[in-house]
Structure formats: C-alpha cells, structure tokens
Amino acid sequence: MSPASWTAHDMPRLDGATAVVTGANSGIGAVTALLLARAGARTVLACRDERKGGAALERIRAAAPGADVELVRLDLADLASVREAAPRLAEAAGGALELLVNNAGVMALPLRRTADGFEMQFGTNHLGHFALTGLLGEALAAGSGRVVTVSSLAHRMGRIDLADLNAEHGRYDKWRAYGQAKLANLLFTAELDRRAKEAGVPVTAVAAHPGLSATELGQAGPRMEGREWRARLERATRLYTQPAARGALPTLRAATDPRVRGGELSAPRAPLEPRGRGAAPARRSAAAADPDSAAALWDASARLTGVDPVAGLTGRPA
C-alpha cells in the first residue's frame, strides 16, 4: 500500500522490540503507547505525573490484555529528572532500545521557567528531549533505534532566535515561543539523523505532527493565566479538530513504517495537513530545512544541557 494512505491497519508487529513514549498519559502519547503495546512492543510510559501515568498504564492493560507495559517517572522540565530516568529507561529496554517517541510537550504557556532556568516551552519540548535522546544514546545504538520527535503545524510560524533562545530579552510572546520550540524539534531531527549517519551509527531520526487534534494540550496555558473560560473555549474548538486516535497516525507511521526515511516528516494526509484519515510524508518549512540553523541549534542545545546526543550514540560521555 502507498505510504500516502498509511493507517493503523498498516502497522507491523513489534514483538521483541521496546518502545519508550514520553507524555504517554494522555492525548497523542496515550494512543501511541496503546497501539504500540497492542502490536507487541514492550512499551514504557515516561510521564511526569505518576498518578496520571499509572491510570494510563491501567487503561492500556484493560484495552490490551497481556500487554507488556511499564511506567517510569520523567519530568522533561528538569534535567536532573531526565538524568535519573534515562538509566531506568535503558534498563527497561534491556540495554537495546528500538524506539524512542519524543512526544511530551506544552503549548502556549505564559512565561514560565524550567528547573534549570530555561523558557518552559523550549526547555520541555526541545531541550528535555534533546538531553533524553543523548542519555539513551548507547541503548538506541544497540537497538538500531528509531527516534520519533513530535512537532506541530506551528513549526511553520517558528523562528530560531539563537541570541534569545530562553526569552530573556524583549517582550515574551507565548505563541512565538511555541513556534520556536516546535521548529527546534524538526531541526533536531534533521541534525540528529545527519550526525548519526556521519558517525556510522545505526540510528534513524524522523518526525511527525498531529495536525489539529483534540487533546488537553491547549488548556494548560489558559488555566495558568487564571482564564478558565479560555480553557472551556479551547474545548469547544474541538468541533474543528480530529480525535486523538487520528492525530496519532503520523506518529505511528513515523515510528513503525519501514519505508519511512531518515529525517522524514509524517503528517495527516490532507491539504494543509490539519486532519485526515491516514498519514503521509509531508514537507517541512524552509526554516526547518536549513542545515546551518540545525547545526547552530545543536551546538547551543549541547551547551545548555551538557549533553551531546551523538556522543551518547557513539558511547562517549554524553
């Protein structure tokens, strides 16, 4: 079947493989984890909130009896938590990790800082996953792993400001910050795939975006601002979105379709990619295809986190 019509029915069996899914307690991550587990993968839910993660674990066990699932606490907004979780995740994979789905994220928050002082959206959506990928590098290399990083349609409005990645200067715009973080996801994917190939490491990096999908993602920001009515309004806009089960298809295609090529972006199969009944390859914006920006962002991210993912992949200290 053509990749342009890929659906969950095209998923291969994943028996013997281990998958780690960040933010697997709800939305796209929860659907992704469930379908990977149903396909036979040992699936590790990496979640910040252990109560919500435990509830998601039980839902998967109820929906997929016999599924091999586990929960590991991971807070991507705290590099100490990322460093603590990484060896546990590698151990859960038996030292060889076939699939890492960098799914967790936050959207359009008022200005907040991570535990390490990073702007919350850039720190969580990009830097946390950048560091996690590096710290899992040896396990990914041992498993000839695939790294799937979930971006957004908002990458198209994103611009990387290397002089102010952490919103320390000028007026803060929550949507501009979100666009930058989602663009960073795609630049990271392209550069990780390029550097892994250059180093001769059998790791593939790909990306996906879910279009406009009905999840809880957009409600956190209004609630942080004390605007519950905006959170309710966000729920009302679900009339114009697709369910999470469809929104997860690009991620699942990126994760499991053997025809997906390194650096590729998967998206809903539809004009402008807001929603669709299948997943397909998609074009990234010109900014997301800029190799100079990708290299510069990589160097800045390695400096900020103290982790170099390719060093991790090749077994050097990350």
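Everything numeric here is computed off the predicted structure, so don't read it as measured data.

Taken N-terminus to C-terminus, the directions of helix α1 (residues 27–38) and helix α10 (residues 249–256) make an angle of 45°; their axes are 9 Å apart at the nearest point. By the angle between their axes, α1 is oblique relative to α10. The crossing of α1 and α10 is right-handed. Of α10, the residues touching α1 (which contributes Ile28, Thr32, Leu35 and Leu36) are Thr251, Leu252 and Thr256. Classifying every residue of the contact of α1 with α10 by side-chain character gives four nonpolar, three polar and no charged.

A few words on unusual backbone geometry. Positive phi outside glycine occurs at Ala108, with the angle close to 50°. The residue Ala108 is located in the loop between β4 (99–102) and α4 (120–135) in this model.

Strand order in the open sheet formed by eight strands is β3-β2-β1-β4-β5-β6-β9-β10, and the pairing between neighbours is mixed. Strand pairing shows two members of the sheet lacking a second neighbour, β3 (69–73) and β10 (279–282), which therefore form its edges. Direction aside, the axes of adjacent strands within the sheet are offset by 25° on average. Here four bridges tie strand β9 (residues 265–268) to β10, and the two strands are oriented antiparallel to one another.

What follows is about the packing of aromatic side chains. If you walk through the whole model with that rule in mind, you get four aromatic pairs. Residues Trp175 and Tyr178 carry aromatic rings whose centres are separated by 6.0 Å and whose planes lie at 85° to one another, so their mutual orientation is edge-to-face. Of this pair, Trp175 and Tyr178 both sit in helix α6 (residues 174–199), separated by three residues, roughly a single helical turn. The class of Trp175 is partly exposed, set by a relative accessible area of 40%.

Criteria and cut-off values
Residues numbered from 1 in each chain as written. Predicted model: local features only at pLDDT ≥ 70, side-chain atom pairs only at ≥ 80, totals over all residues. Heavy atoms only, no water. Axes fitted to C-alpha atoms, helices over the stretch in contact; angles between N-to-C directions. Helix = DSSP H or I, 4+ residues; strand = E, 2+ residues; numbered from the N terminus. Parallel < 35°, antiparallel > 145°, perpendicular 65-115°, else oblique. Left-handed = near helix turned anticlockwise from the far one by under 90°. Contact = heavy atoms within 4.5 Å. Nonpolar A, V, L, I, M, F, W, Y, C, P; charged D, E, K, R; others polar. Pairing = 2+ DSSP bridges. Phe/Tyr/Trp six-rings, centres within 6.5 Å; stacked < 30°, edge-to-face > 60°. Buried < 20%, exposed > 50% of the residue type's maximum accessible area, 1.4 Å probe, protein only.

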